Amino acid sequence: MTRPVLHAEKAPAPAFVSAAARYGVIEKPDLAFTPAIARETEHLYEKVKDFIPPFEWAAYAPYVHAINRLKKERNAVILAHNYQTPDIFHCVADIVGDSLQLARDATRVDAEIIVQCGVHFMAETSKLLNPEKTVLIPDVKAGCSLSESITGADVRLLKERYPGVPVVTYVNTSAEVKAETDICCTSSNVLAVVESLESDTVLCIPDEYLAMNVARQTNKKILTWKGHCEVHERFTANELLAYKEANPGIEIIGHPECHPDVIAVCDFSGSTAGMINYVKDKRPERVLLVTECSMASNIQAEVEGVDFVKPCNLCPHMKRITLPKILDSLLNMTEEVLVDPAIADRARLAVERMVNLKQ
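Remember, it's a predicted structure, so these values are computed and weren't measured experimentally. (Residues numbered from 1 in each chain as written. Predicted model: local features only at pLDDT ≥ 70, side-chain atom pairs only at ≥ 80, totals over all residues. Heavy atoms only, no water.)

S.K.: Help me understand the overall build of the chain, please; the structure alone is not making it clear to me.
M.R.: A count of helices and strands for the chain gives 17 helices and twelve strands. Relative to its length of 359 residues, the chain is compact, with a C-alpha radius of gyration of 22 Å against a globular reference of 21 Å. The buried share among the 359 residues of the chain stands at 54%. Of the contacts formed within the chain by residues at least 6 apart in sequence, a portion of 63% connects residues at least 24 apart. Total accessible area on the chain is roughly 16,900 Å²; 51% of this is exposed by carbon and sulfur atoms. Here the chain contributes 38 positive and 49 negative side-chain charges, whose respective centroids are spaced 4 Å apart. (Helix = DSSP H or I, 4+ residues; strand = E, 2+ residues; numbered from the N terminus. Rg over C-alpha atoms; globule rule 2.2 N^0.38 Å. Buried < 20%, exposed > 50% of the residue type's maximum accessible area, 1.4 Å probe, protein only. Contact = heavy atoms within 4.5 Å. Areas by Shrake-Rupley, 256 points an atom, 1.4 Å probe, with all protein chains shown as cover. Lys, Arg positive; Asp, Glu negative; His and termini not counted. Charge placed at Lys NZ, Arg CZ, Asp CG, Glu CD.)

S.K.: Explain the domain arrangement of the chain here, please?
M.R.: Many structure descriptions define interface size as the accessible area lost when the parts assemble. Structurally, the chain comprises domain 1 (19-142 + 319-332), domain 2 (146-230) and domain 3 (237-314). Averaged C-alpha coordinates put domain 2 and domain 3 at centres separated by 26 Å. Across the boundary between the two partners, domain 2 contributes twelve residues, which contact nine residues of domain 3. Buried area between domain 2 and domain 3, both sides added, is near 870 Å², and the carbon and sulfur share of it is 53%. Taken together, the links from domain 2 to domain 3 amount to zero salt bridges. One can count six residue pairs in polar contact (both at pLDDT 80 or more) joining domain 2 with domain 3. Sorting elements by how many residues they give to the side of domain 2 that touches domain 3 places helix α11 (residues 208-215) first, with four residues. Among the residues forming the side of domain 2 that touches domain 3, the class breakdown is six nonpolar, four polar and two charged. (Domains from an automatic or database assignment. Buried area = accessible area lost by both parts, 1.4 Å probe. Salt bridge = Lys/Arg side-chain N within 4 Å of Asp/Glu carboxyl O. Polar contact = N/O pair within 3.5 Å; in protein donor to acceptor, adjacent residues only side chain to side chain. Nonpolar A, V, L, I, M, F, W, Y, C, P; charged D, E, K, R; others polar.)

S.K.: Explain helix α16 (residues 323-332) to me, please; I cannot follow it from the model alone.
M.R.: In an α-helix, one turn spans 3.6 residues, which is why side chains three or four residues apart end up on the same side. Of all the residues in α16, the buried ones are Leu323, Ile326, Leu327, Ser329, Leu330 and Leu331. Buried residues belonging to α16 abut α4 (54-74), β1 (76-81), α5 (86-91), β3 (113-117) and β4 (134-136). Met333 lies just past α16 and shows a positive phi near 60°.

S.K.: How do you make sense of the confidence of the model for the chain when you look at a structure like this?
M.R.: Caution applies to low-pLDDT parts of the model: their predicted coordinates are not meant to be read in detail. In this model, the chain carries an average pLDDT of 92, and 95% of its residues clear a pLDDT of 70 or more. Every residue in residues 1-8 is under pLDDT 50, and counting partners more than four places away or in other chains gives zero contacts. (pLDDT = per-residue confidence, 0-100.)

S.K.: How should the sheet that holds strand β11 (residues 286-290) be read in this particular structure?
M.R.: Backbone hydrogen bonds hold the strands of a sheet together, and the pairing may be parallel or antiparallel. Overall, parallel pairing links the four strands, which are arranged β10-β9-β11-β12 in an open sheet. Edge strands, defined here as strands with exactly one partner in the open sheet, are β10 (268-269) and β12 (307-309). Across the sheet, helix α12 (residues 237-246) is in contact with β9 (251-254), β11 and β12; its angle to β11 comes to roughly 170°. (Pairing = 2+ DSSP bridges. Axes fitted to C-alpha atoms, helices over the stretch in contact; angles between N-to-C directions.)

S.K.: Looking at this structure, how should I read the packing of aromatic side chains?
M.R.: Each aromatic ring pair is summarised here by two numbers: the centre-to-centre distance and the angle between the ring planes. Tallying each qualifying case throughout the model produces three aromatic pairs. When the centroid spacing of 5.0 Å and the interplanar angle of 35° are considered together, the rings of Tyr45 and Trp57 count as tilted. Here Trp57 lies in helix α4 and Tyr45 lies in helix α3 (residues 42-48), a separation of twelve residues in the sequence. Residue Tyr45 shares its accessibility class with Trp57, and that shared class is buried. Arranged with centres 4.6 Å apart and planes meeting at 20°, the rings of Phe268 and Tyr278 form a pair that is stacked. Here the residue Phe268 occupies a position in strand β10, and Tyr278 occupies one in helix α14 (residues 272-282), the gap between them amounting to ten residues. Overall, Tyr278 belongs to the buried group, its relative accessible area being 15%. An aromatic cluster is built from Tyr45, Trp57 and Tyr60, whose rings are joined through pairwise contacts. (Phe/Tyr/Trp six-rings, centres within 6.5 Å; stacked < 30°, edge-to-face > 60°.)

Structure representation (structure tokens):
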């Protein structure tokens, strides 16, 4: 007699439990500006007093105080990009830096919760490198023109068109795109990443200007994609030449996401970290940073004796992150950033190859 074949039933996938359900929701505190809060935040105000007048600090200080208290209660750490406003960068952030620094530091975080004060791809990167941790972004709509310029399907088509050509993808991309990538890069290490590959031809995507600028520094053939940063693409060479004419002796420092014609006018070009180090080390008498203008304010708070001329192109996505939204994120445990497990492992490999690359 033939026995029936018994098929073991798969256990149902565990139901998703929201971060709010896992950690609980905390009632919003009183946000009155009291003498006690004034005293406890006085040392922080010293860092930002050149950018926030005293009458405005009365509105900022209760949020700063509440966030710093609440992140300890939640066992949370706040990561902030250089483009965040000074109140966030200097008053509530635990770790600050450019994309590469935040990616590296995210792997060393002991806290249970990461609050990413930046844009969505940065929060995804933190989640990729910390899959067991809870990652929050205060505004899920904080996007990026570069990230939105390309999809995973686009990368697959490029790989079909250029079989065997390694793909270097700027970290300013979604996890879906990173999953189709051989290795990620940032503006800090793009040249080192390109030079680390054995191929004579490299796809460097999606930032066209970054790729064009690195092509000038390598003998490899660089294939590009027409993605641009909406902040950096607004700068023009003629604009910078006009600044030079109006400000004799000024030093202009440009970010490599700018058009090569813009970089050709600059006295120095480098990543956000490179630009910061240049100002701190060289201490130019007068300087113009060709990048998001909050970064100039954040450096100015730390460097004395340097006159900053600010053309001030703001990133509308970075500016979606505010103190009230950070507080709401910690109170209500929103917005949690998740990455589809089907792509997370592959995307993580591309980021880890970048993070672990020997300089």
